[in-house]
Amino acid sequence: MKWICEALRRMERKDEDFEKRLRKPETFRSETTGMDEKERQISAGIAAGAGSFAAILLRVIGGGNACMK
């Protein structure tokens, strides 16, 4: 009876180890996805800032639509 209990404990430890190894790529993938989302947000913010700056610059130097004058 003792050897059956010990065999079951070993099997549980192997299962736990196997599950940990399976979860590692999932964790890495979710971290990578989070980084991609942050990079897109930063890019969108930079693009919005550049667009605003270009609009102000055109307004200051008088470029743009002739109907606005």
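From a predicted model like this one, the values you see are computed outputs, not experimental measurements. The residue numbers shown here count from 1 along each chain, following its written sequence. For a predicted model such as this one, the threshold for reporting local features is a pLDDT of at least 70, and the threshold for listing and counting side-chain atom pairs is 80 or more; totals across whole chains, interfaces and linings nevertheless cover every residue. Where side-chain values are given, they derive from all heavy atoms of the structure, hydrogens and water being excluded.

**Some words on the overall build of the protein**
Inference 1: For helices the rule is a DSSP run of H or I covering at least 4 residues; for strands it is a run of E covering at least 2, with both sets numbered from the N terminus onward. Summing up its helical and strand segments, the protein has 1 helix and 0 strands in all.
Inference 2: Classification of the 69 residues of the protein by burial places 1% in the buried group.
Inference 3: Computed with a 1.4 Å probe, the accessible areas rest on the Shrake-Rupley method; for each residue, only the protein chains presented here act as cover. For the protein, the computed accessible surface area is about 6,700 Å², with 63% contributed by carbon and sulfur atoms. To sort residues, take the accessible area from a 1.4 Å probe on protein chains only and compare it with the maximum for the residue type: under 20% means buried, over 50% means exposed, and anything in between is partly exposed.

**Thoughts on the pattern of salt bridges**
Pairing between side chains of opposite charge can happen when their charged atoms approach one another.
Inference 1: Any carboxyl oxygen of Asp or Glu within 4 Å of a side-chain nitrogen of Lys or Arg constitutes a salt bridge here. Under the defined criterion, the tally for this structure stands at 3 salt bridges.
Inference 2: One salt bridge connects Glu6 with Arg9, and the closest N-O pair in it is separated by 3.1 Å. Placement of both Glu6 and Arg9 in helix H1 (residues 2-61) is noted, with a separation of 3 residues, approximately one turn of the helix.
Inference 3: The exposure class assigned to Glu6 is partly exposed, which follows from its relative accessible area of 31%.
Inference 4: Here Arg9 falls in the partly exposed class, since its relative accessible area comes to 44%.
Inference 5: The residue Arg21 makes a salt bridge to Asp17 at a minimum N-O spacing of 3.4 Å.

**Points about a nonpolar patch on the surface**
Inference 1: Only residues above 30% relative accessible area that lack a salt bridge enter a patch, with like-charged residues linked at up to 9 Å and the nonpolar side chains Val, Leu, Ile, Met, Phe, Trp and Tyr linked at up to 5 Å. A cluster of nonpolar side chains, Phe53, Ile56, Leu57, Leu58, Val60 and Ile61, forms an exposed patch at the surface whose accessible area comes to about 650 Å².
Inference 2: Residue position: Val60 is located in helix H1.
Inference 3: Look at Val60 and you get exposed, because its relative accessible area is 67%.

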